[in-house]
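Fold and geometry: a report
So you can see what is in the structure, the chains are spelled out below.
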Amino acid sequence: MNKVILCEGETDAILLSYYLGKVAGWKYNRKGPENLNIQADTSNQSVNWYKNNENFLLICAVGGKDNFMNFFDKKIRFPLCQGDFEKIAIVTDRDNREIQFIEATTKDILGSFSDEIKVRSNQWISCPYHDSFGMDRSMSVLWVVIPTEHQGALETAMLDAISEDEYDRNIVIKTGDFAKKMRAEASKYISTDRLELKAHLSLTWAVQSPEKVFTAIDEQIKSVRWEDSETLNDCFSELAKI
């Protein structure tokens, strides 16, 4: 069985691959099924295969929240029409958007594939469709919004996870205050709420592990036991069932 996860960016893809590897046994696989050759188009996209027994999982960073539909249409639509994927999950940041807006956007992405697409936050939904041969098929669809309970992005959920430890919570609070203060002093570099959030997470890591400040982000992510976090377990409980 082949499954696919579409997420916004590289940080999301790295964290998801680490987390699903730890909690569900998915291991990186250099190649996917022989009949599927899906490649990234740009440097801000990534496409990686993982395997668990005889099942394949494709995790794709689509290149930002505004590129889901374009990526889906170019990379995923045709394999779905061939019946090559049986499960698809879309993982997106809440940011400061209303949940109804995100839901409508997600339905637009998949609705261009099937008129009967339904989405419900953090619930697998069975959706019927017709393949390219006119045969009746069904796929399972999951929509995950991060964080689950309040505005923010994946970095917010990661900071929430770090804050589960009382000692580290103080660090998160203080680095957040510093990031906010520095935004006024360094608007050339920290010009948006999203960049302030990224600076906040980077500052937290710099304080927690100063010797790793120049380590690549994938190594920084993999150095934390995210699988022990109640926050992330709540976010990804259904995704782990993929």
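Everything below is about the structure printed above this text.
From a predicted model like this one, the values you see are computed outputs, not experimental measurements. (Residues numbered from 1 in each chain as written. Predicted model: local features only at pLDDT ≥ 70, side-chain atom pairs only at ≥ 80, totals over all residues. Heavy atoms only, no water.)

Along its length, the protein carries eight helices and seven strands. Whereas a compact globule of 242 residues would reach a radius of gyration of roughly 18 Å, the protein reaches 18 Å, a difference of no more than 12%. Judged by the C-alpha coordinates and their principal axes, the protein covers about 60 × 35 × 30 Å. For the protein, with 242 residues in total, the buried portion stands at 48%. Pairs at least 24 residues apart make up 65% of the contacts formed inside the protein by residues separated by at least 6 positions. Total accessible area computed for the protein in this model is approximately 12,600 Å², and 48% of it derives from carbon and sulfur atoms. If you average the places of the 29 positive and of the 38 negative side-chain charges in the protein, the two averages end up 3 Å apart. (Helix = DSSP H or I, 4+ residues; strand = E, 2+ residues; numbered from the N terminus. Rg over C-alpha atoms; globule rule 2.2 N^0.38 Å. Buried < 20%, exposed > 50% of the residue type's maximum accessible area, 1.4 Å probe, protein only. Contact = heavy atoms within 4.5 Å. Areas by Shrake-Rupley, 256 points an atom, 1.4 Å probe, with all protein chains shown as cover. Lys, Arg positive; Asp, Glu negative; His and termini not counted. Charge placed at Lys NZ, Arg CZ, Asp CG, Glu CD.)

Our focus in this paragraph is helix H3 (residues 99-111). Here H3 is 13 residues long and its end C-alpha atoms lie 17 Å apart, about the 18 Å a rise of 1.5 Å per residue gives. Of all the residues in H3, the buried ones are Ile102, Thr106, Ile109 and Leu110. The arc that holds every buried residue of H3, seen down its axis, measures 85 degrees, which confines them to one face. (Expected span 1.5 Å × (residues − 1). Arc of directions from axis to C-beta.)

The next point concerns the packing of helix H5 (residues 166-185) against helix H6 (residues 193-208). For the pair H5 and H6, interaxial distance at closest approach is 8 Å and the crossing angle is 135 degrees. Here H5 lies oblique to H6, going by the angle between them. For the crossing formed where H5 meets H6, the hand is right-handed. For the pair H5 and H6, the contacting residues are Asp168, Ile171, Val172, Thr175, Gly176, Phe178, Ala179, Lys180 and Arg183 in the first and Asp193, Glu196, His200, Leu203, Thr204, Val207 and Gln208 in the second. Each residue belonging to the contact of H5 with H6 can be placed in one class, and the counts come to six nonpolar, five polar and five charged. (Axes fitted to C-alpha atoms, helices over the stretch in contact; angles between N-to-C directions. Parallel < 35°, antiparallel > 145°, perpendicular 65-115°, else oblique. Left-handed = near helix turned anticlockwise from the far one by under 90°. Nonpolar A, V, L, I, M, F, W, Y, C, P; charged D, E, K, R; others polar.)

Counted under the stated rule, the structure contains twelve salt bridges. For Arg183, the salt bridge is made with Asp193, and the minimal N-O distance between the two is 2.5 Å. You can see Arg183 sitting in helix H5 and its partner Asp193 sitting in helix H6, a full ten residues away along the chain. On the basis of relative accessibility, which here comes to 55%, the residue Asp193 falls in the exposed class. Beyond isolated ion pairs, a larger network of salt bridges with shared partners links Asp93, Glu155, Arg194 and Lys198. (Salt bridge = Lys/Arg side-chain N within 4 Å of Asp/Glu carboxyl O.)

Before going further, it helps to examine the side chain of Ser46. Locating Ser46 in the fold gives a position in strand E3 (residues 46-52). Relative accessible area serves as the criterion here: at 8%, Ser46 is assigned to the buried category. A distance of 2.9 Å separates the side chain of Ser46 from the side chain of Glu10, its partner in a polar contact. Excluding residues that lie within four positions of it along the chain, Ser46 makes contacts with Glu10, Ala13, Ala40, Ile59, Cys60 and Ala61. (Polar contact = N/O pair within 3.5 Å; in protein donor to acceptor, adjacent residues only side chain to side chain.)

A few words now on the pairing of strand E1 (residues 2-7). Burial analysis of E1 places six of its six residues in the buried class, which makes it a mostly covered element. Burial along E1 is two-sided: Asn2, Val4 and Leu6 and Lys3, Ile5 and Cys7, pointing in opposite directions, are all buried. Bridge count for E1 against strand E4 (residues 55-61) is six bridges, and the pairing is parallel. Directly across from Cys7, in E4, lies its bridge partner Ala61. Inspection of the sheet shows E1 paired to strand E5 (residues 87-93) by five bridges, in the parallel sense. Directly across from Lys3, in E5, lies its bridge partner Lys87. (Pairing = 2+ DSSP bridges.)

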